[in-house]
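Structural characterization, general
The primary structure of each chain is shown beneath.
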Amino acid sequence: MEASNPFTPTFGTAPPVLAGRSGVLGRISAAMDSGPRHPDYTLVVTGRRGTGKTVLLDVATREATSKGWAVVQVAGSDGPNLAGNVMLRVHELERPSSWATTAPGFASEASQLATGRHGRPVALPHAGDLRSVITDLADQASAHGAGVMLTIDEMQASTAEALRPVASILQHVTRREERPLMFVGCGLTDIARTLMSDPGMTFFHRCARAETSSLSDDEARYALREPFAAAGVVMADAALEAGIEAAVGYPFMIQHIGYAAWERAADLRVGVSATDMSAAISAANDAMVQQLVEPVWVGLSAKDRAFALAMCALGGTVDVQALAARLGWTANTVNAYRRRALDAGMVLPAGRGRLRFAHQAFELHARTELALIEPSRDAEPEGDTPSTA
C-alpha cells in the first residue's frame, strides 16, 4: 500500500483525528465570538503529559488565524524574560491580510523597543512598554473586527517572576479595559497547586479552567480506527479492542499504537490482525517508556520512586492503606506522596481509597526497577523536595 503512515507519535504534533476535545475547543470558539466578557476569554488548560494540550493549543491558534486574528505564541521554556519574548513575537508578527491598514507608527515603535541597530537585541522592555504595544495591537485588531490571541505553552516550565508581568498586562488590557486580547495557556496539572498558587499569580488562578482528560473508549476507538478506515485498511475487531484496552484513553499512546500497527501489519491490503496489534502494543509500550515514563522517572525523588515501586510490588492497582503498611509510612505521608504521584501524571484514582498506574508503561518501568532494588522502608522522609515532573 502506497499511503504513508497517518499517525503522529511525537509530542505537540496534530494527530490525524482529534478525538474528545470538541468541548474545550467549543468553549474557545465561543469566547472568540463573544468577546472579553466571556469567562473563557482567559483560559488555562491543564493535563498530564501526552494528553494533547499543545495540539489543542495549535488547533485554537489555527482557528484564530482563519478568523483574521493576530496570534502571539510563546512558551514557558523560553526563559526568564517571557515579557520580552512576547514583545519580540509582536514585533515579528505578520499582520493578517484582512487588516488593510496598520496604525501609524506602530511598526516603528515595536521595532525600536524590540531591536537595536543591525537587528541586535536591546535592553529588555519594561512591562509598561509591552502593555502599550499590546494595547496598540489589540486596538488595530478591534478596528478590523478581529482580536489578538496570546498563548503560553508549557507554563509549568516558567516561573512566577517571568509570568507576573504578562499576568498584569492581561489583567489590565483584557479584563479591565475589555480590549480583544484573548489568552489561552497550557501546563501540567500540578501548576494549580504550585506555580498558580503564588500570590503574584492571582490573575492566572482566576482564569477559567479546562482539562485534557483521558479519552472514553468510544473516543479512543474512533481515534484509532478512523485513520485506517480513511486509507481503506480494515482492522479486525479483536485487534481494535486490544488496542483500546492497551491505550487506556491516553491520546499519545493511541498514536504510538496506530503508528506501530501500520508499520507492523504483514499486509495492509489484507488488514490489521490481532497478531499485528499484539506486536504493535509491545512496540508502543517500549516507546512510551522511553518518551514519557523515563523523563518523568528522572524527575522523581527517592521517596517518589519508593512509592511507585511499592505500588508495583502490590500488583499495580492498590489500596492506599496497604501501601502505607508496606512502606511503613503514616497516612499523612502516604497522602502527600499520593498527591505528588498524581501531579506527576504517574497514577490515577481507581475508586475510593485506591490508586492505579496512569498507564501500563509506568508499571512496566517500575517492574524493571523493582527487579533491581527493593522499595525503601525508611521511616518518615525528611528533606524530600516535591517532584517537578
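The preceding data block contains the structure.
Now for a look at the structure at hand. Sequence order sets the numbering: in each chain, residues are counted from 1 along the sequence as written. With pLDDT at 70 or above as the cut-off, local features in this predicted model cover only qualifying residues; side-chain atom pairs require 80 or more to be listed or tallied, and sums for whole chains, interfaces and linings still use all residues. Note that water and hydrogens are dropped before the side-chain values are worked out from all heavy atoms of the structure.

Below, the discussion takes up the overall build of the chain. Each helix and strand in the chain was counted, giving 15 helices and eight strands. To sort residues, take the accessible area from a 1.4 Å probe on protein chains only and compare it with the maximum for the residue type: under 20% means buried, over 50% means exposed, and anything in between is partly exposed. Among the 389 residues that make up the chain, the fraction classed as buried is 51%. Contacts between residues were defined by any pair of non-hydrogen atoms, one from each residue, lying within 4.5 Å. Taking contacts inside the chain between residues at least 6 apart in sequence as the whole, the part at least 24 apart equals 76%. Every accessible area reported is derived by Shrake-Rupley at a probe size of 1.4 Å, with residue values counting cover from the shown protein chains alone. Working note: accessible area of the chain is about 17400 Å², and carbon and sulfur atoms make up 50% of it. Helix and strand assignments come from DSSP, with helices taken as H or I runs of at least 4 residues and strands as E runs of at least 2, each series counted from the N terminus.

The side chains of a regular strand alternate between both faces of the sheet. Across the six residues of strand β3 (residues 148–153), six count as buried, placing the element largely inside the fold. Across the two faces of β3 the burial is the same, with V148, L150 and I152 and M149, T151 and D153 all buried. Of the strand pairs in this sheet, β3 and strand β4 (residues 181–188) are connected by five bridges, and their pairing is parallel. The residue bridging M149 from the neighbouring strand is M182, located in β4. Convention used here: a crossover is right-handed provided that the path from the first strand, over the helix, to the second strand proceeds clockwise when the strands point away from the viewer. Handedness of the crossover joining β3 and β4 through helix α6 (residues 160–176) is recorded here as right-handed. Paired strands are those between which DSSP finds at least two bridges.

Here the focus is helix α11 (residues 274–298). The length a helix should cover is 1.5 Å for every residue beyond the first. Here α11 spans 34 Å end to end across 25 residues, near enough to the 36 Å set by a 1.5 Å rise per residue. Most pronounced at V289, the bend in α11 amounts to some 40°. Values of bend correspond, residue by residue, to the angle between axes fitted over the seven residues ending at that residue and the seven starting there.

Note on placement: R326 falls in helix α13 (residues 320–327). The exposure class of R326 is partly exposed, given its relative accessible area of 23%.

Here a salt bridge means any side-chain nitrogen of Lys or Arg lying within 4 Å of a carboxyl oxygen belonging to Asp or Glu. Applying the stated rule across the entire model yields 16 salt bridges. Notably, a salt bridge pairs D304 with R340, separated by 3.1 Å at the nearest N-O pair. Of this pair, D304 sits in helix α12 (residues 302–313) while R340 is found in helix α14 (residues 331–343), placing the two residues 36 residues apart along the sequence. The two residues D304 and R340 agree in class, both being buried. Through salt bridges with shared partners, a single network forms among R131, D139, E177 and R179.

If you walk across this open sheet you meet the three strands as β6-β8-β7, and the pairing is antiparallel. Of all strands in the sheet, those with a lone pairing partner are β6 (318–319) and β7 (347–349), marking the two edges. The sheet contact formed by β7 and strand β8 (residues 354–357) spans three bridges and is antiparallel. Looking at the pairing, P349 lines up with L355 of β8. Note on geometry: axes are lines fitted to C-alpha atoms, helical ones only across the stretch in contact, with angles between N-to-C directions running from 0 to 180 degrees. In the packing of α12 onto the sheet, the strands contacted are β6, β7 and β8, and the crossing angle to β8 comes to about 95°.

It is worth spelling out α6 at this point. Turning to α6, its buried residues number three or more, namely A160, A162, L163, V166, A167, I169, L170, Q171, V173 and T174. Following α6 by one or two positions, E178 has its phi on the positive side, about 55°.

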